[in-house]
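Spelled out, the chains give:
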Amino acid sequence: QVQLEESGGGLVQPGGFHRLSCVASGPIFMINAMGWYRQAPGKQRELVAFLPNGGPTMYADSVKGRFILSRDGAWNTATLQMNNLKPEDTAVYYCTARIVPGGSESGDSEFWGQGTQVTVSS
């Protein structure tokens, strides 16, 4: 099956930097977009960054100028570089992608990773 595998969660000091990675694998015909959402306890899941093929990248106002989303040349990997981290960045981060599965006669569907915890604390 199609899978999104996230890596890079962990404990980070305030003001520090960190990197998350997501790799899409499985029977994939095409990936049309990849990005990251996050969800803190008791809060709604919110957009962090999202990059359709060809751009432009969309960022939440709270992370603009601090986070950078990039995708590799094969367009199957989404990397989130997080800089100047704040305690309010603490959340479970979820990779998402719009994917056309191999053999599908329909358009793309939304896929999600399992989530990875990022904690910003002293």
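Conventions used here
- Residues numbered from 1 in each chain as written.
- Predicted model: local features only at pLDDT ≥ 70, side-chain atom pairs only at ≥ 80, totals over all residues.
- Heavy atoms only, no water.
- Helix = DSSP H or I, 4+ residues; strand = E, 2+ residues; numbered from the N terminus.
- Buried < 20%, exposed > 50% of the residue type's maximum accessible area, 1.4 Å probe, protein only.
- Polar contact = N/O pair within 3.5 Å; in protein donor to acceptor, adjacent residues only side chain to side chain.
- Contact = heavy atoms within 4.5 Å.
- Salt bridge = Lys/Arg side-chain N within 4 Å of Asp/Glu carboxyl O.
- Disulfide = S-S within 2.5 Å.
- Pairing = 2+ DSSP bridges.
- Axes fitted to C-alpha atoms, helices over the stretch in contact; angles between N-to-C directions.

## Focus: the side chain of Arg38
Thinking step 1. Along the chain, the position of Arg38 falls in strand E4 (residues 28-39).
Thinking step 2. By relative accessible area, Arg38 is classed as buried at 6%.
Thinking step 3. Engagement of the side chain of Arg38 in a polar contact is seen with the side chain of Asp89, the distance being 2.9 Å.
Thinking step 4. For Arg38, the contacting residues outside a window of four places in its chain are Gln44, Arg45, Glu46, Val48, Ser62, Val63, Phe67, Glu88, Asp89, Ala91, Val92 and Tyr93.

## Brief notes about the pattern of salt bridges
Side chains that carry opposite charge are capable of pairing whenever their charged atoms lie near each other.
Thinking step 1. Taken as a whole, this structure holds five salt bridges when the rule is applied.
Thinking step 2. Measuring nitrogen to oxygen at the nearest pair gives 2.8 Å for the salt bridge that ties Arg38 to Glu46.
Thinking step 3. Glu46 gets classed as partly exposed once you look at its relative accessible area, which sits at 31%.
Thinking step 4. Of the charged contacts, one joins Asp61 and Lys64 as a salt bridge, the two residues approaching to 3.1 Å between their closest N and O atoms.
Thinking step 5. Taking the relative accessible area as the measure of exposure, Asp61 reaches 66% and is therefore exposed.
Thinking step 6. Several salt bridges converge on common partners, so that one network encompasses Arg38, Glu46, Arg66 and Asp89.

## Describing the state of the cysteines
Thinking step 1. Across all of its chains, the model carries one disulfide by this definition.
Thinking step 2. The disulfide partner of Cys22 is Cys95, and the S-S distance across this bridge is 2.0 Å. Because the sign of the S-S torsion sets the handedness, a value of about -80° for the bond joining Cys22 and Cys95 places this disulfide among the left-handed ones. Residue Cys22 is found in strand E3 (residues 18-25), and its partner Cys95 is found in strand E9 (residues 91-101); the two are separated by 73 residues along the sequence. Comparing Cys22 with Cys95 shows no difference in burial state: the two are buried.

## What to know about the sheet that holds strand E8 (residues 77-82)
Thinking step 1. Strand order in the open sheet made by the four strands is E1-E3-E8-E7, with antiparallel pairing throughout. Whereas interior strands pair on both sides, the edge strands pair on one side only; in this sheet they are strand E1 (3-7) and strand E7 (67-71). Averaged over all pairs of adjacent strands, the angle between strand axes in this sheet comes to 15°, irrespective of strand direction.
Thinking step 2. Relative to E8, E7 runs antiparallel, the two being bridged by five bridges. Bridge pairing links Ser70 to Thr79 in E8.

## Some words on the side chain of Thr116
Thinking step 1. Structurally, Thr116 is set in strand E11 (residues 116-120).
Thinking step 2. A polar atom in the side chain of Thr116 sits 3.2 Å from the backbone nitrogen of Gly9.
Thinking step 3. Once residues lying within four places of it in the same chain are set aside, the contact partners of Thr116 are Glu6, Gly8, Gly9, Leu20, Trp36, Ala91, Val92 and Tyr93.

## Re unusual backbone geometry
Thinking step 1. Cis geometry is adopted by the peptide bond preceding Pro56, which originates at Gly55 and carries an omega value of -5°.
Thinking step 2. With respect to the helices and strands, Pro56 occurs in the loop between strand E5 (46-52) and strand E6 (58-59).
Thinking step 3. Positive phi values are uncommon outside glycine, yet Trp75 reaches one of about 60°.
Thinking step 4. Its location among the elements puts Trp75 in the loop between E7 and E8.
Thinking step 5. Exposure remark for Trp75: the relative accessible area of 33% places this residue in the partly exposed category.

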